[in-house]
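For reference, the chains in residue letters:
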Amino acid sequence: SYGDSFQGSHLDMLHGSPDCMGIVHDTGNAYWAFDGRKGQLVYYDFQEDHSAGMDDHSDGIIRRHTDVDLVRVEDVPGHLERNEDGILFIANTGAGTILKVGPSRGESIGEARGSLGPREEYTRWNGATVEEWITGLEEPSGIALAADGRLFVSDHGTGEIIAFAADGTEIERLDTRGDS
């Protein structure tokens, strides 16, 4: 028996990003998400796994990085990657950039508002290190970070896959549109 809190198809979630455009694992049960509705970077820590179908989120932690401005393009994902140092790379699709974000430098600036039910923490954060690392793209969407620091970006707007060196300089482009 699952008791009164069983919700069938309800997955263990924290309900804070209904237009989530991208997500990347941090550590444990923690993730970073591109909140397309509010245009913010959000940290979610589920802490204890309550398994599928359960709805106890009272130990959840949600931190909205309100100083990381993200621009959503409808129906186009804005992926995220995280390196071993905790630096996030975000395809800021609507701005045509790849952001490099060091969120560990941020700090809480108070409670966030919202009716998400009981949580251990729901706060707003500022002070992350944010750099427009790569600019001049049309609609960067997919990204993949290689072990040596190279970043591969798929540009939804141009149909290209672009390789960048660990310092952000462009290495090469591959046009995937082909000739019709």
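Everything discussed here concerns the structure shown above.
Here the structure is a predicted model, which is why all the values come from computation and not from measurement. Per chain, residue numbering runs from 1 following the sequence as it is written. At least 70 in pLDDT is required for a residue's local features to be given in this predicted model, at least 80 for side-chain atom pairs to be given and counted, and no such filter applies to totals for whole chains, interfaces and linings, which use all residues. Side-chain calculation: all heavy atoms of the structure are included, whereas hydrogens and water are not.

Participant: Describe the sheet that holds strand 8 (residues 107-111), naming the residues involved and giving the relevant values.
Facilitator: DSSP calls a pair of strands paired once it identifies at least 2 bridges connecting them. By the criteria applied, helices consist of DSSP H or I runs no shorter than four residues and strands consist of E runs no shorter than two, each listed in order from the N terminus. The sheet built from six strands is open, its strands ordered 1-2-3-4-9-8 with mixed pairing. In this open sheet, the two edge strands, each paired with only one partner strand, are strand 1 (20-25) and strand 8. The average angle at which neighbouring strand axes cross in this sheet is 30 degrees, direction not considered. Here strand 2 (residues 30-35) runs beside strand 3 (residues 40-45); their pairing, made up of six bridges, is antiparallel. Its bridge partner being in strand 3, Asp35 is matched across the sheet by Gln40. Helix axes use the C-alpha atoms of the stretch in contact, all axes being lines fitted to C-alpha atoms, and the angles between their N-to-C directions lie in the range 0 to 180 degrees.

Participant: I'd like a description of the side chain of Thr123, backed by residues and values.
Facilitator: Tracing the backbone shows Thr123 in strand 9 (residues 121-126). Definition of a polar contact: a pair of N or O atoms within 3.5 Å, with one able to donate and the other able to accept a hydrogen when the atoms are protein atoms, and with sequence-neighbouring residues admitted only if both atoms are side-chain atoms. Within the structure, the side chain of Thr123 is placed 2.8 Å from the side chain of Glu121, a separation counted as a polar contact. Contacts between residues were defined by any pair of non-hydrogen atoms, one from each residue, lying within 4.5 Å. Filtering out sequence-adjacent residues up to four positions away, Thr123 remains in contact with Ile62, Arg63, Arg64, Ser108, Gly110, Glu111 and Ala112.

Participant: Account for the nonpolar core, with residues named and values stated.
Facilitator: Leu41, Val68, Ile90 and Val101 are the most contacted members of the largest nonpolar core, which totals 16 residues. Put simply, the parts of the chain that give this core at least two residues each are strand 1, strand 2, strand 3, strand 6 (88-92) and strand 7 (97-102). Per element, the largest residue contribution to this core is three residues, and it comes from strand 2. Here Val101 is in contact with Leu41, Val68, Gly86, Ile87, Leu88, Ile90, Ala128, Thr129 and Val130, once residues within four sequence places are set aside. Side-chain atoms within 4.5 Å are what join buried Ala, Val, Leu, Ile, Met, Phe, Trp, Tyr and Cys residues into a set we call a nonpolar core. Here's how the labels work: a residue is buried when its accessible area is under 20% of the maximum for its type, exposed when over 50%, partly exposed in between, all with a 1.4 Å probe on protein chains only.

Participant: A description of the sheet that holds strand 7 should follow, citing residues and the corresponding values.
Facilitator: Ordered in space as 5-6-7-10, the four strands form an open sheet in which the pairing is antiparallel. Of all the strands in the sheet, the pair left with one neighbour each is strand 5 (80-82) and strand 10 (129-134). Each adjacent strand pair in this sheet contributes to an overall mean axis angle of 25 degrees, direction not counted. Across five bridges, strand 7 lies against strand 10 in antiparallel orientation.

Participant: Report on the pairing of strand 3, specifying residues and quantitative values.
Facilitator: Counting buried positions over the six residues of strand 3 gives six, a clear majority of the element. Here strand 3 shows two buried faces, one formed by Gln40, Val42 and Tyr44 and the other by Leu41, Tyr43 and Asp45. Taking the residues that link successive antiparallel strands as the turn, the strand 2-strand 3 hairpin has four residues, and the phi of Gly39 there is positive, at about 65 degrees. Judged from the five bridges that link them, strand 3 and strand 4 (residues 61-65) form a sheet pairing that is antiparallel. Looking at strand 4, one finds that Val42 is bridged to Arg64.

Participant: Explain the pattern of salt bridges residue by residue, including any values.
Facilitator: When a carboxyl oxygen of Asp or Glu is within 4 Å of a side-chain nitrogen of Lys or Arg, the pair counts as a salt bridge. Scanning all chains against the criterion turns up eight salt bridges. A salt bridge links Asp26 to Arg82; the nearest nitrogen and oxygen atoms lie 3.0 Å apart. Residue Asp26 is found in the loop between strand 1 and strand 2, and its partner Arg82 is found in strand 5; the two are separated by 56 residues along the sequence. For Arg82, a relative accessible area of 24% corresponds to the partly exposed category. Each of Glu160, Glu170 and Arg173 takes part in one network of salt bridges that share partners.

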